[in-house]
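Structural overview for review
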Amino acid sequence: MSPKRQEPHRRHFSIVTETYPPEINGVALTLSHLVEGLRQRGHQVSLVRPRQLADSVHPISDASVTLVSGLPLPGYKSLRMGLPAADVLRRRWVQPPDVVYVATQGPLGWSAVGAARQLRIPVFSGFHTNFDNYAQHYYGSRLRSLILWYLKHFHNLTAGTIVPSVDLRDRLRAIGLKNISVLGRGVDGRLFTPARRSADLRRAWRAGKNAMVALYVGRIAAEKNLGLAIDAYRAMQRIDSGMKFALVGDGPLRATLQKKHPDLIFCGVKTGDRLAAHYASADIFLFPSESETFGNVTVEAMASGLAVVAYDYAAARAHIKDGETGMLASYGDAQAFIKAATKLALRRQSR
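Now for a quick tour of the structure. (Residues numbered from 1 in each chain as written. Predicted model: local features only at pLDDT ≥ 70, side-chain atom pairs only at ≥ 80, totals over all residues. Heavy atoms only, no water.)

Quick notes on the sheet that holds strand β2 (residues 44-50)
By way of backbone hydrogen bonds, the strands of a sheet pair with one another, either parallel or antiparallel. Short version of the rule: Strands qualify as paired when DSSP identifies two bridges or more between them. By the criteria applied, helices consist of DSSP H or I runs no shorter than four residues and strands consist of E runs no shorter than two, each listed in order from the N terminus. Orientation is described by axes fitted as lines to C-alpha atoms, over the contacting stretch for helices, and by angles from 0 to 180 degrees between their N-to-C directions.
If you trace the seven strands from one edge of the open sheet to the other, you get β3-β2-β1-β6-β7-β8-β9, paired in parallel fashion. Across the chains shown, the open sheet's two edge strands, defined by having one partner strand only, are β3 (65-68) and β9 (180-182). Taken pair by pair, the neighbouring strands of this sheet meet at an average axis angle of 25 degrees, ignoring direction.

Considerations on helix α6 (residues 166-174)
Filter applied, for reference: Residue exposure (1.4 Å probe, protein chains only): buried if accessible area is under 20% of the type maximum, exposed if over 50%, otherwise partly exposed. Summarising the geometry, the arc corresponds to the directions from the helix axis toward the C-beta atoms.
By the burial criterion, the buried members of α6 are Asp-167, Leu-168 and Leu-172. Take α6 and look down its axis: the buried residues cluster within an arc of 125 degrees, on one side only. Gly-176 sits one or two residues past α6 and shows a positive phi near 105 degrees.

Section: unusual backbone geometry
Residue Pro-21 is joined to Pro-22 through a cis peptide bond whose omega torsion reads 20 degrees. For Pro-22, the location among the structural elements is in the loop between β1 (12-16) and α1 (26-40). Here the phi dihedral of Asn-225 falls at roughly 60 degrees; this positive angle occurs in a residue that is not glycine. Residue Ala-314 is not a glycine yet carries a positive backbone phi of 55 degrees. Mapped onto the secondary structure, Ala-314 falls in helix α12 (residues 314-319).

Considerations on the packing of helix α8 (residues 226-237) against helix α13 (residues 334-349)
Two quantities define a packed helix pair, namely the angle between the helix axes and the distance between the axes. Where we set the bar: Our angle categories are set so that under 35 degrees counts as roughly parallel, over 145 as roughly antiparallel, 65 to 115 as roughly perpendicular, and the remainder as oblique. For a crossing to be left-handed, the near helix must be turned anticlockwise from the far one by less than a right angle; the clockwise case is right-handed. Should any heavy atoms of two residues lie within 4.5 Å, those residues are counted as being in contact. For this classification, Asp, Glu, Lys and Arg are treated as charged, while Ala, Val, Leu, Ile, Met, Phe, Trp, Tyr, Cys and Pro are nonpolar and the rest, including Gly, are polar.
In the contact formed by α8 and α13, the axes pass within 9 Å of each other and the chain directions differ by 40 degrees. Between α8 and α13, the angle falls in the class oblique. Seen along the crossing, α8 lies across α13 with a hand that is right-handed. Seen from α8, the contacting residues are Leu-228, Asp-231, Ala-232, Ala-235 and Met-236; seen from α13, they are Ala-334, Phe-337, Ile-338, Ala-341, Thr-342 and Ala-345. Of the residues that constitute the contact of α8 with α13, the class distribution is nine nonpolar, one polar and one charged.

A look at the environment of Asp-55
This is how the line gets drawn: Pairs of N or O atoms are called polar contacts if they sit within 3.5 Å, as long as, within protein, a hydrogen donor faces a hydrogen acceptor (for residues adjacent in sequence, only side-chain-to-side-chain pairs).
Its place among the elements puts Asp-55 in the loop between β2 and β3. Taking the C-alpha atoms as reference points, Asp-55 and Ile-220, 165 residues apart in sequence, are found 25 Å from one another. Those residues in contact with Asp-55 that lie beyond four places of it in its chain are Arg-49, Pro-50, Ile-60 and Leu-67. Engagement of the side chain of Asp-55 in a polar contact is seen with the side chain of Arg-49, the distance being 2.9 Å.

Some details on helix α10 (residues 272-280)
Among all positions of α10, only Leu-275, Ala-276, Ala-277, His-278, Tyr-279 and Ala-280 are buried. In this structure, the buried residues of α10 make contact with α7 (199-204), β10 (213-217), β11 (244-248), β12 (265-268), β13 (284-287) and α11 (296-303).

Points about the packing of aromatic side chains
Operational definition: Aromatic contacts are taken between Phe, Tyr and Trp rings whose centres are within 6.5 Å, Trp giving its six-membered ring; a plane angle under 30 degrees counts as stacked, one over 60 as edge-to-face, and the others as tilted.
Considering all chains together, one arrives at 11 aromatic pairs under this definition. Measuring from centroid to centroid gives 5.5 Å for Phe-192 and Tyr-279, while their planes differ by 85 degrees, and the two rings are edge-to-face. With Phe-192 in the loop between β9 and α7 and Tyr-279 in helix α10, the pair connects residues that are 87 residues apart, well separated along the chain. In this structure an aromatic cluster arises from ring pairing among Phe-192, Tyr-216, Tyr-279, Phe-285 and Phe-287.

A word on the sheet that holds strand β14 (residues 307-311)
One open sheet accounts for six strands, arranged β12-β11-β10-β13-β14-β15; its pairing is parallel. Of all strands in the sheet, those bounded by a partner on one side alone are β12 and β15 (326-329). Mean inter-strand twist for the sheet, computed between neighbouring axes without regard to direction, equals 20 degrees. The sheet strands contacting α10 are β10, β11, β12 and β13, and the helix crosses β10 at an angle near 140 degrees.

Some details on the packing of helix α3 (residues 107-118) against helix α5 (residues 144-156)
Two elements in contact, α3 and α5, have axes separated by 10 Å at closest approach and are oriented at 30 degrees. Relative to α5, α3 is oriented roughly parallel. Viewed along their axes, α3 and α5 form a crossing whose handedness is left-handed. Contact with α3, carried on its side by Gly-109, Trp-110 and Val-113, involves Tyr-150, His-153 and Phe-154 of α5 and no other residues of that element. Per-class residue counts for the contact of α3 with α5 are four nonpolar, two polar and no charged.

Topic: the environment of Ile-175
Considering the arrangement of structural elements, one finds Ile-175 in the loop between α6 and β9. Given a relative accessible area of 36%, Ile-175 falls into the partly exposed group. Once the C-alpha coordinates of Ile-175 and Val-308 are considered, the two residues, 133 residues apart in sequence, prove to be 29 Å apart.

Details of the nonpolar core
Note the threshold: To qualify as a nonpolar core, a set must consist of buried Ala, Val, Leu, Ile, Met, Phe, Trp, Tyr and Cys residues joined through side-chain atoms within 4.5 Å.
Residues Leu-215, Phe-245, Tyr-279, Phe-285, Leu-286 and Val-309 are the most contacted members of the largest nonpolar core, which totals 60 residues. The element contributing the most residues to this core is α8, with eight residues. Among all residues touching Tyr-279, those that are not within four sequence positions of it are Phe-192, Leu-215, Val-217, Phe-285, Val-297, Glu-300, Ala-301, Ser-304 and Leu-306. Ranked by size, the runner-up nonpolar core spans 16 residues in total, among them Val-68, Val-100, Leu-108 and Val-113.

Shown next as C-alpha cells:
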C-alpha cells in the first residue's frame, strides 16, 4: 500500500495593512496577491485596514475584513493612514489567528504589533516601503535618522521581517534589523506579455512604425525621481528625434510636469489588460527611482518584452543582466543612468 497522503495544515493568517485594493499601488497589489495565494492553498485569511473612500460607495460586507479609522496620508491624499486600534484588534482576535502579519509600519501597524504581543500571537512584519527615503522628499532629511530609528525598533519587536529580495535584506541588516527572511516575488506572465502589443495604442501615441517609445509606470511623485527619466529621454531624443515618452500613473507632480513638458504623453492610471497593453506597446522602460523596496514594475516591464534602464538595486539587481536584458547604472549616479539610456537607444537604432 502507498503511504497515506497528509493534508497540509490549514492556518489562519491575519494581515494588517494601511493599503489594499481597490487602492492602486505596489504594496496594495502585492498584498492582494499574497492573500489570494494563501486562500488558494486552503488557508483562512482575515484583513485589517483603514476605511477607504470607496467604502462609502461600495460598503464592505465581508466578515473577514475589519475596517478601522484613518486619516489621509500626508503627500498621498488618496491613501489613508490607519489610526491606533489596539482595542478593536483585541476584540477581533478573541479567537486568535495562528499568525499576524503587519505589512505597514504606521500607527495601525504599531498597535497591531502591541496587541499581538500582549495576546501572545506570533507576529511578523513586512518591509514594503522605504519611509526614510520618502521622508527626504516630503519633510526634509532631518527626519530621516528618527524614522530609521523607529523602523529598526518597530521591526525588531516582531518575530521576523519579510522582504522581497536579498539586496533589501542586506541593506536592512546593515542598519540593525534582525531575523530577516526573503519571500521572492513573481510576475503574471499571462497578463504581462509582448503579445499584448497594440498598433492602435502606438498610433494614439503618434509613434511611427520604427520609432522608439520609452515608458514609465508608477506614481507621478517626487520620490520616483522623474526629472532624471525626462533628462534621459531628452538625451535619447537627440539620437532618435521621433522618439516618444509615455507615463502611466498619477500623482502630485502630474499637472506640473504636463505643463512643463507638453510633448510627454500622460496616460493616467491603467490596470489589468490596459496596463499590460501599455507596457507591451513601448520599447524601453525608464525607471530611475531610488526609493524602491522591490519595484514590481521592473519585472512587469521585462515580462512585456521591454529593455529596462534602472539603478542597480532591488528587482533590477536581482533580474537584469547588464547589457543583455537591460541596462544598470550605479545607484544614485544620474549621469550613469543617462549614459545607460543613450547607449541602449544607440544599440536599438543600429539594428
